[in-house]
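# Coordinate analysis (summary)
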Amino acid sequence: MRHVVHATIDLAQQEITVLQDLHFRNLSALPLTELLLLVEANRKEGSVTVQRVVAGDTPLRFTLEGRKLSVRLPRVLQPEDAMELTLAFRLDVPPFETDDFLGWLGYSQYQMNLGNWLPVVAPWGGGQWLVNETTALGEHSVQDTADWQVYVDIENAPDDVVLAGPGQVTEMENGRWQIELQAARDFSLSVGSGYQHRATELADGTILEVYSLNDAPDALAAAAWTLDVARRSMERFAALFGPIPFERLVVVEGDFPDGMEFSGLVFVSRDWFESWEGNPASYLTLITAHEVAHQWWYGSVGSDQAREPWLDEALATYSEYLLLESDFPDLLDWWWEWRVDRFAPGGHVDSDIYEFARRRDYINAVYLRGARMLHELRQDLGDDAFFGWLRRHAEQGAGNIVTEEDFWSLLSESQRAATLETRRRYLRDPGP
């Protein structure tokens, strides 16, 4: 899959016009007469207006219902056959409040965040398109990887406007940018004025950058700490799980609660920047590590975030502990008490997002009990076998959409026997 995008962002009108070429190959075993695209930007219905869809010079019939854009193909697309479509649409970017957990797609007085703003072809599996319904909590997308070539023009922008994006970003003249990103599950941007920027290069050549919102001394210190934690996290996780999935990672201070992961770009909440008091024992440390870990557990190894959310969230949460273990070992007891035990978490780790009415209950079951389960599995197996298992999972799952069955299948028969009691304690379906 390859996308070539030409987008014009009007910051005064908070409006984006887009021309998007999709190069699609039918990787299913069935002939297709229709293509289903996921338009996450229309989660707030009415935000997206599709003007036309064409194949060459041929206009195509389409319907947009909520987040689902169905396109009638001009011919039957046989397995392994390819086709190129062009979409023209307008996105009216919605405002968000500072307590809006969906602030990764919207604008405030400080920034415009564009996460999941471009349509993607829904994955095909089990004889159907895989599109989950939304809820008020958790993520729900299932996305294949694709290559992106994006051209952005910004109109009505202040002189100090900054575009923070993943991949290879080239700033051209007159408010124009070109961005290239390979093998990514999404393409995200953040645009703002007055961003503070700092960067470093890892030993393997990976570029790490932080874009923060405030130039006060305490805020700059928090940004420097974020850069340091992200660097430590990337080096630690690369040693445990394998090579860093992207050649460049951008961390953006988000003007909304908590954090959010995208391919090559993550948001860490302004709340955690502003509450940091110079102590490693902080949410700024943990959430930065958590979002960096998602470059492996989401960005590289994909899964169904609605039906099996623990496959990325439990691993990302336990990765926080793994960073502390190597770089801040004095904080291990603090992490268990402050991050996990004080919430007395309950619930099945393998719950889906639709089972919860409260965010706290969801986090307790999937994130926190998930981390506890992984730690006990590690004790069952021993470090060498446990980390060998996670590394195999990272290697075999890279670029794919994996399932719980895939994850457990990487254990040997004797390892499954050694972990059975732990799996029974934490999982509704403990597997073999």
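That block above? That's the structure.
Treat the numbers as computed from the prediction; the structure is a model and nothing was measured.

### Observations concerning the side chain of asparagine 116
Relative to the helices and strands, asparagine 116 resides in the loop between β10 (111-114) and β11 (120-121). For asparagine 116, a relative accessible area of 10% puts it in the buried group. If we ignore the near neighbours within four places in the chain, the residues touching asparagine 116 are Glu40, Ala41, Trp104, Leu105, Gln143, Asp186, Phe187 and Phe262.

### Overview of the packing of aromatic side chains
What the rule picks out here adds up to 30 aromatic pairs. Positioned over the ring face of phenylalanine 343 is arginine 360, at 3.7 Å from the centre of the ring. Note that arginine 372 overlies the ring of tryptophan 336, its terminal NZ or CZ placed 4.0 Å from the centroid.

### A word on unusual backbone geometry
Notably, alanine 183 is not glycine yet its phi reads approximately 50 degrees, a positive angle. With respect to the element layout, alanine 183 can be found in strand β17 (residues 176-184). For alanine 183, a relative accessible area of 43% corresponds to the partly exposed category. Despite not being glycine, alanine 344 has its phi angle at roughly 45 degrees, a positive value. Along the chain, the position of alanine 344 falls in the loop between α6 (332-340) and α7 (359-381). A relative accessible area of 61% places alanine 344 in the exposed class.

Cut-offs applied
Residues numbered from 1 in each chain as written. Predicted model: local features only at pLDDT ≥ 70, side-chain atom pairs only at ≥ 80, totals over all residues. Heavy atoms only, no water. Helix = DSSP H or I, 4+ residues; strand = E, 2+ residues; numbered from the N terminus. Buried < 20%, exposed > 50% of the residue type's maximum accessible area, 1.4 Å probe, protein only. Contact = heavy atoms within 4.5 Å. Phe/Tyr/Trp six-rings, centres within 6.5 Å; stacked < 30°, edge-to-face > 60°. Lys NZ or Arg CZ within 6 Å of the ring centre and 35° of its normal.

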